[in-house]
Amino acid sequence: MEQQLKQLEQEALAKIQAASNLKELNDVRVAYLGKKGPITDLLKGMGKLSPEERPKMGALVNAVRENVTAQLEEKAAVLEEQAIQEQLEKESIDVTLPGRKVRQGNRHPLTRVIEEIEDLFISMGYEIAEGPEVEKDYYNFEALNLPKGHPARDMQDTFYITEEILLRTHTSPVQARTMLAKKGEPFRIICPGKVFRRDNDDATHSHQFMQIEGLVVGEDIRMSDLKGTLDALAKKMFGAEREIRLRPSFFPFTEPSVEVDVSCHKCGGSGCNVCKHTGWIEILGGGMVHPNVLEMGGYDSKKFSGFAFGIGAERIAMLKYGVDDIRHFYTNDNRFLAQFHRTEGV
Amino acid sequence: MLVSLNWLKQYVDIDHLAPQDLAEKITRSGIEVDAVIDRSQGMTNVVVGYVVSKEKHPDADKLNVCQVEVGEGDVRQIICGAPNVAAGQKVIVALPGARLPGGVKIKKAKMRGQESNGMICSLQELGIEGRVVPKDYADGIYVLPEDAVPGSDALELIGLRDTVLELGLTPNRSDALSMLGVAYEVAAILSQEVNLPEIQYNTTSEKAEDYIQVRVEAKENPLYAAKVVKNVKIAQSPLWLQHYLMAAGVRPHNNVVDITNYILMEYGQPLHAFDYDALKTNEIVVRLAKEGEKIITLDDQERTLKAHNLVITNGEEPVAIAGVMGGANSEVTSDTTTVVIEAAYFEGFSVRRTSKELGLRSDSSARFEKGVDPNRVLLAAERAAQLLQELAGGEVLEGTVAVDDLDKTPARVVVSPDFINARLGMKISLEDMLEILNRLKFDVEAANGFLIIDVPTRRQDIKIEEDIVEEIARLYGYDEIPMTLPVNYEQVGGLTSYQAKRRIARNVMEGAGLYQAVTYSLTSEELAQKFAFKAEATTKLLMPMSEERSILRQSLIPHLVETASYNVARKADSVALYEVGSVFLGQTAEELPYEEEHIALVISGKWVDNAWQGEKLTVDFFVAKGIVESLFEKLGLTERVTYEKATVEGLHPGQTAAILLDGEKVGLIGGLHPAERKKYDLKETFVAEINLQAILEAEVEEIVYKPIPRFPAITRDIALVLDRSTPAGEISEIIRKAGTKLLKDVKVFDVYEGDKMEADKKSVAFSLTYFNPERTLTDEEVVNAHEKVLKALAEAGAEVR
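Counting from 1, residues in each chain are numbered in the order their sequence is written. For this description, chains carry letters from A and ligands carry numbers from 1, given in the order in which they are written. Only residues with pLDDT of at least 70 are given local features in this predicted model, and only at 80 or more are side-chain atom pairs given and counted; all residues enter the totals for whole chains, interfaces and linings. Excluding hydrogens and water, the side-chain figures rest on all heavy atoms present in the structure.

With respect to the nonpolar core
Residue and element names in this part refer to chain B.
For step 1, the next point in the chain: Side-chain atoms within 4.5 Å are what join buried Ala, Val, Leu, Ile, Met, Phe, Trp, Tyr and Cys residues into a set we call a nonpolar core. Relative accessibility decides the category of a residue: with a 1.4 Å probe and only protein chains considered, values under 20% of the type maximum give buried, values over 50% give exposed, and everything between is partly exposed. In this structure, L8, Y224, I284, I312 and I468 are the most contacted members of the largest nonpolar core, which totals 195 residues.
For step 2, the next point in the chain: Secondary structure elements follow DSSP: runs of H or I no shorter than four residues count as helices, runs of E no shorter than two count as strands, and numbering proceeds from the N terminus. With 10 residues, helix α4 (residues 179-190) is the single largest residue contributor to this core.
For step 3, the next point in the chain: Here I468 is in contact with V413, V415, I420, L437, F442, I453 and I462, once residues within four sequence places are set aside. Here, two residues are considered to be in contact whenever any of their heavy atoms come within 4.5 Å of each other.

Laid out in structure tokens, this is it:
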């Protein structure tokens, strides 16, 4: 019996070594250590042995069983490791292949510019006002010190709907509307929106474009406040190193009036194609609100003063991104829109 | 306004400044110099020549062989094709080596076998615009006066050694529409004096009033003055005058007409010269035209007048349209001997309206429209008398015949230095302010803390304190204004709830993979109401520039579809765009239309294209609907939104839904009709449009935390056989209503139509989730609830599979 046991042990150990995977190994375990396996049989047959032989044989069988079990576990560990290795091998992929695309859209470059400006002014305590695109002649012109027949009306070729109704030529009518709505209280607003002029569309003209108007009304608002505010705007849009300069100009709704140049962001002011070798680029117009405009808006022009400015969003976007044709903004070519997807700067 | 610096120098000393520097100073002080034009354009070797002889070219009909003296004893052969070249003329010769405008280089050459040593030039060849070249020389070479010296610099002689500043004038600075006005501006900038022309002339013993009487019958003409000059000799003007005019962009005609134009440019006061004899009567009557009255103007056009047009008449018929253009019937011609010079003040609004109506803009109307200087009207008439005597040999009759009701007093502005500094945010001293006002030649006095200023009438733009603020600031220098930010205000900035939600709506669209498009609000009659939610009165332009942009849109979809088509035509295999914009509804004659902000989208072509993984998805209705649903989910409206089958012209009748919020229609979603797709050359294309205002303004509850469920939910599935036409949404609604409060969710998880179903049937499988937040559900509770659902379904005729 002892001999038989040794032989079984040898057989089992040989099969364990031969097992090439966990299933085969399990088969070996079941075959030798299972309930119906030979070692179990041997244990069951122990009853026939004499009481003297029983402990000796018992110890022997246990030793064999422990040895086989230990060998099984050892082999199992090896095979498991091997199986993991195989799985990893099988699951290896080409990590340089492209990932599954998550569709992402983005804002139109004009919206991008407008929101950037909105956010700057919100941080300075401004509200955003909006108004209708179809306007009354009164709000678009008359309330802005441009009575009927005023020569300066020629500065803005207008689409009329009726004699008294038109497509707004600028966002300035929102000024008049806001003043009436604020009923004499100081305020500061910016108003972005679509405006329309009777222009033939070409690389630099568009019959529809976006303007952003700013208006601050309060006691003791100074021209220096306008300058400081526009300086902040220029730095936000074109970089912290930018400077602005004001030039006298004329708008019927402001007095004094200014055109604002920003130092060229391409050459830093030394002169290049973008700034036509002047070092400066005209970006917007503004001025101190004309007393007639304040009065028509219900503000005492002796007590209140204000400043206003108007920016063309297209102009800013064209300068900022180097866009060479204003029509791109309204053509909406995928290849154009997709370029304004990412963040910029630091 | 074109300002010749040679001319300007007659009134103000600018010799110490380079033209570019002067231009920069003018620009920085308030008048933008658009261009600095060197009239010589770098030309060299252009001299006076004397045509000694002219013979026909032996081998070319149109060419002449000329012997031209271009310096003492230097006679050269030059071939010339101009029809007007003749022996004995003094001409302009470009010698070999000369460079002319447009990159032309003159070389020795042979023309049809004959040697040519240079070119006899026309003014156009020297860079002068054809429209200002005198008519006599418009089609040939220019002929110089006899006293020109051969070999001398021809450019100097014809005034091309000059620089012209092109001013871009804003409407307020009409004072700078004259050389004197520019001189005052430059003098103020440079702290110089202005040298005004001295006016002196002799008069005859005859009186003007014996020749002409003036009557004014219209308030639009507060001042009309006439002077009479006899025995004028009509001739070419002296060269300097002609070339000043050409530099200013005016074509010389004859001395009389040129003198009126010269004074128009010099004083900014338009004048008109009538042929006294052609007037036929001895009176001038200014009145409003009779409706339909006709006049042939100087440009030989017949003009029909309206009753509000102001005309100058001879008492019988119009001889000029006041301030706009003279009549052909009284034109100064080569036969004229006696002229009547008109100097008048016509009201701007009247001239503006007339010139606009007639489509007739002239140098004259441009000045009257903006208001001429009341104090220069009579002065200009005097200046004309002087020049007619000096340059046309005329005899000036004594006196001026005038009707004069014009207010010529200067505007008085009283302003305190403190006000000026407060508006500017600066501390400019009183002395500096006075100095600036003196430079401007304003009459100023400081008294009791105020500046009392009498503004010369040439500066019609200065009326109020703020105007003085600007004058002081611009001449002090805008660069000196410090930079501050507004103080003392009590307003918290920010977006309104609507504006914030609109940004979120954009984020949803972009997160779903759509690019934002911005398309035009103006569209064509055909597209204006296409896809509009309902028929509303449209907003049409009175005078559109094209039919394509003549009316405001009532739906955003048409332009988005056009944009999709544009992109597909350029090989885009996937188009996904959205737009936020207003539509314009219910225009009336008196009231503005209602502007409703909408959001719309278009998707076309591929949606998912992960090529190497083999994953592809073309857009379909449910992609579009999924995007719309995520918008509603983000806005907290999912529960309140329903969809029902709808028909919309232009959309697929079987793939279109109306979108309802709380039962009210707020939008539509659908597939583009195959016919439309064909028209726009599009494959599968889906669109949606939603009234953004309605969904952003819908009130939604605040977020209140609900405990995270501690008890498991139980799901039960039901598969139903339904008619193909029965909307799953209706069945969901039945289940939802029947499922008691334990039913938390109903989802469609399978839809099947096909072989295993009858032709007009479909199978729809729903997954129902039951849940009790208080405790674990018992089987019995679920069974009870589910029974109710099954019963309701049975009642609705839905058969359980």
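Alright, that's what it looks like, and here's the rest.
Some remarks on the domain arrangement of chain B
For step 1, the next point in the chain: The split of the chain into domains comes from an automatic or database domain assignment. The domain boundaries assigned to chain B delineate domain 1 (2-39 + 163-190), domain 2 (46-157), domain 3 (203-404), domain 4 (411-480), domain 5 (497-697) and domain 6 (714-800).
For step 2, the next point in the chain: Here domain 5 of chain B and domain 6 of chain B have C-alpha centroids that lie 33 Å from each other.

So, the pattern of salt bridges
For step 1, the next point in the chain: Each reported salt bridge corresponds to a side-chain nitrogen of Lys or Arg within 4 Å of a carboxyl oxygen of Asp or Glu. A complete count under the given rule lists 70 salt bridges over all chains for this structure.
For step 2, the next point in the chain: With a shortest N-O distance of 3.8 Å, E116 of chain A and K320 of chain A are connected by a salt bridge. Highlighted residues: E116 of chain A in helix α5 (residues 109-123) and K320 of chain A in helix α10 (residues 313-321), separated in sequence by 204 residues.
For step 3, the next point in the chain: D74 of chain B is the salt-bridge partner of R76 of chain B, the closest N and O atoms lying 3.1 Å from each other.

Overview of the packing of helix α2 (residues 22-33) of chain A against helix α4 (residues 53-91) of chain A
Residues and elements named next belong to chain A.
For step 1, the next point in the chain: Helix axes use the C-alpha atoms of the stretch in contact, all axes being lines fitted to C-alpha atoms, and the angles between their N-to-C directions lie in the range 0 to 180 degrees. Direction vectors running N to C along α2 and α4 enclose 170°, while the axes themselves pass 10 Å from each other. Comparing the axis directions of α2 and α4 gives the class roughly antiparallel. For the pair formed by α2 and α4, the contact residues are L22, L25, R29 and L33 on the first element and R65, V68, T69, L72, K75, A76, L79 and E80 on the second.
For step 2, the next point in the chain: Broken down by class, the residue content of the contact of α2 with α4 amounts to 7 nonpolar, 1 polar and 4 charged. Each angle receives one of four descriptions, namely roughly parallel if under 35 degrees, roughly antiparallel if over 145, roughly perpendicular if within 65 to 115, and oblique otherwise. Gly is put with the polar residues, along with every residue not named as nonpolar or charged; the nonpolar set is Ala, Val, Leu, Ile, Met, Phe, Trp, Tyr, Cys and Pro, and the charged set is Asp, Glu, Lys and Arg.

Here's the deal with the environment of M288 of chain A
For step 1, the next point in the chain: When you line up the elements, M288 of chain A lands in strand β8 (residues 280-289).
For step 2, the next point in the chain: Owing to a relative accessible area of 2%, M288 of chain A belongs among the buried residues under this scheme.
For step 3, the next point in the chain: The sequence separation of M288 of chain A and K75 of chain A amounts to 213 residues, and the corresponding C-alpha distance is 91 Å.
For step 4, the next point in the chain: In this structure M288 of chain A touches I221, R222, M223, F253, T254, E255, P256, G306 and F307 of chain A together with R423 of chain B, once residues within four positions along its chain are discounted.

A closer look at the layout of surface pockets
All names here are of chain B.
For step 1, the next point in the chain: Within this model, the second largest pocket holds a volume of roughly 2000 Å³.
For step 2, the next point in the chain: For each structure, a 1 Å grid was placed over the protein atoms alone; sets of points admitting a 1.4 Å probe that cannot get out are labelled cavities, open sets with protein on both sides within 12 Å along at least five of seven lines are labelled pockets, and lining residues have an atom within 4 Å of a point. Every residue lining the second largest pocket is counted, 39 residues in all, and those nearest its centre are F622, K625, Y643, A728 and G729.
For step 3, the next point in the chain: Among the secondary structure elements, those contributing two or more residues to the lining of the second largest pocket are α17 (621-634), β36 (641-645), β37 (651-661), α20 (728-738) and β41 (743-752).
For step 4, the next point in the chain: If you tally residues by element for the lining of the second largest pocket, the top one is β41, at 7 residues.
For step 5, the next point in the chain: Looking at the lining of the second largest pocket residue by residue, the class counts come to 13 nonpolar, 11 polar and 15 charged.
For step 6, the next point in the chain: Domain assignment of the residues forming the lining of the second largest pocket places at least three in each of domain 5 (497-697) and domain 6 (714-800). Grid points are joined across faces, edges and corners, and a volume is the space filled by probe spheres set on the points.

Here we look at the sheet that holds β8 of chain A
For step 1, the next point in the chain: Read across the open sheet, the 7 strands follow the order β1-β4-β5-β9-β8-β7-β6 (chain A); overall the sheet is mixed. Two strands close off the open sheet at either side, each with one partner strand: β1 (127-128) and β6 (244-251) of chain A.
For step 2, the next point in the chain: The pairing criterion is simple: DSSP has to find at least two bridges between the two strands. Relative to strand β9 (residues 304-312) of chain A, strand β5 (residues 208-219) of chain A is paired through 9 bridges, and the arrangement is antiparallel. Bridge assignment links E213 of chain A to a residue of β9 of chain A, and that residue is G310 of chain A.
For step 3, the next point in the chain: Running at roughly 25° to β9 of chain A, helix α8 (residues 223-238) of chain A makes contact with β6, β7 (254-263), β8 and β9 of chain A of the sheet.
For step 4, the next point in the chain: Across the sheet, helix α13 (residues 465-476) of chain B is in contact with β6 and β7 of chain A; its angle to β7 of chain A comes to roughly 35°.

Quick look at the UniProt feature "binding site: Mg(2+)" (unreviewed entry) in chain B
Residues and elements named next belong to chain B.
For step 1, the next point in the chain: When the UniProt feature table is mapped onto this chain numbering, "binding site: Mg(2+)" (unreviewed entry) sits at D461, D467, E470 and E471. Of the annotated positions named here, the second largest cavity is lined by D461, E470 and E471.
For step 2, the next point in the chain: Along the polypeptide, D467 turns up in helix α13.
For step 3, the next point in the chain: With respect to the helices, strands and loops of the structure, E471 is situated in helix α13.
For step 4, the next point in the chain: Given a relative accessible area of 2%, E471 falls into the buried group.
For step 5, the next point in the chain: Setting aside anything within four residues of it in sequence, one finds E471 in contact with I436, L440, F442, R459 and I462. UniProt positions are given in the numbering used here, feature names are shortened, and annotations may be inferred rather than shown by experiment.

A closer look at the UniProt feature "domain: TRNA-binding" (unreviewed entry) in chain B
For step 1, the next point in the chain: Using the residue numbers shown here, the UniProt feature "domain: TRNA-binding" (unreviewed entry) corresponds to residues 40-155 of chain B.
For step 2, the next point in the chain: In the segment residues 40-155 of chain B, helix accounts for 2% and strand for 36%; the C-alpha atoms at its two ends are 7 Å apart.

Examining the domain arrangement of chain A
For step 1, the next point in the chain: Domain parsing of chain A yields domain 1 (2-91) and domain 2 (109-340).
For step 2, the next point in the chain: Put simply, the middle of domain 1 of chain A and the middle of domain 2 of chain A, counted by C-alpha atoms, are 90 Å apart.

Let's talk about empty space enclosed by the protein
The gaps left among the atoms become clear once a water-sized probe is rolled over them.
All names here are of chain B.
For step 1, the next point in the chain: Taken as a whole and assessed by the stated rule, the structure comprises 5 cavities of 30 Å³ or more.
For step 2, the next point in the chain: Empty space within the largest cavity amounts to approximately 130 Å³.
For step 3, the next point in the chain: Surrounding the largest cavity, 15 residues form its lining, S174, G268, G371, V372 and D373 being those nearest its centre.
For step 4, the next point in the chain: Taken together, the residues that form the lining of the largest cavity break down as 3 nonpolar, 6 polar and 6 charged.
For step 5, the next point in the chain: In this structure, the second largest cavity spans a volume of roughly 70 Å³.

Quick word on unusual backbone geometry
For step 1, the next point in the chain: For the peptide bond that leads from E255 of chain A to P256 of chain A, omega is -5°, which places it in the cis range.
For step 2, the next point in the chain: A positive phi angle is found at S191 of chain B, which is not glycine, with a value near 55°.
For step 3, the next point in the chain: With respect to the element layout, S191 of chain B can be found in the loop between α4 and β14 (203-207).
For step 4, the next point in the chain: Relative accessible area serves as the criterion here: at 44%, S191 of chain B is assigned to the partly exposed category.
For step 5, the next point in the chain: The backbone of N231 of chain B sits at a positive phi, close to 55°, despite the residue not being glycine.
For step 6, the next point in the chain: With respect to the helices, strands and loops of the structure, N231 of chain B is situated in the loop between β16 (223-230) and α5 (239-247).

Section: helix α12 (residues 430-439) of chain B
Note on helix geometry: an α-helix contains 3.6 residues per turn, so any two residues three or four positions apart are oriented the same way.
Residue and element names in this part refer to chain B.
For step 1, the next point in the chain: Among all positions of α12, only M433, I436, L437 and R439 are buried. The buried residues of α12 occupy one face: seen down the axis, they fall within an arc of 160°.
For step 2, the next point in the chain: Buried residues belonging to α12 abut α4, α11 (417-424), β28 (443-447), β29 (450-455) and α13.
For step 3, the next point in the chain: With its phi angle positive at about 65°, K441 sits one or two positions after the end of α12. Regarding the arc, it is the one traced by the directions from the helix axis to the C-beta atoms.

Side note on the packing of aromatic side chains
For step 1, the next point in the chain: A pair of Phe, Tyr and Trp rings is counted when the ring centres sit within 6.5 Å of each other, with Trp represented by its six-membered ring. The angle between the planes then sorts it: under 30 degrees is stacked, over 60 is edge-to-face, the rest tilted. Considering all chains together, one arrives at 20 aromatic pairs over all chains under this definition.
For step 2, the next point in the chain: On the numbers, 4.7 Å between centres and 75° between planes, the contact of Y137 of chain B with Y142 of chain B is edge-to-face.
For step 3, the next point in the chain: Ring geometry for Y211 of chain B versus Y276 of chain B: centroids 5.4 Å apart, planes at 50°, classification tilted. Note that Y211 of chain B is positioned in the loop between β14 and β15 (213-216) and Y276 of chain B in helix α7 (residues 276-279), a separation of 65 residues in sequence. No difference in accessibility class separates Y211 of chain B from Y276 of chain B, as the two residues are buried.
For step 4, the next point in the chain: Members of the aromatic cluster, each reached through a chain of ring pairs, are F121, Y126, F307 and F309 of chain A.
For step 5, the next point in the chain: Here, a charge over a ring means that NZ of Lys or CZ of Arg falls within 6 Å of the ring centre while also lying within 35 degrees of the ring normal. Against the face of W607 of chain B rests R103 of chain A, its NZ or CZ located 4.1 Å from the ring centre.

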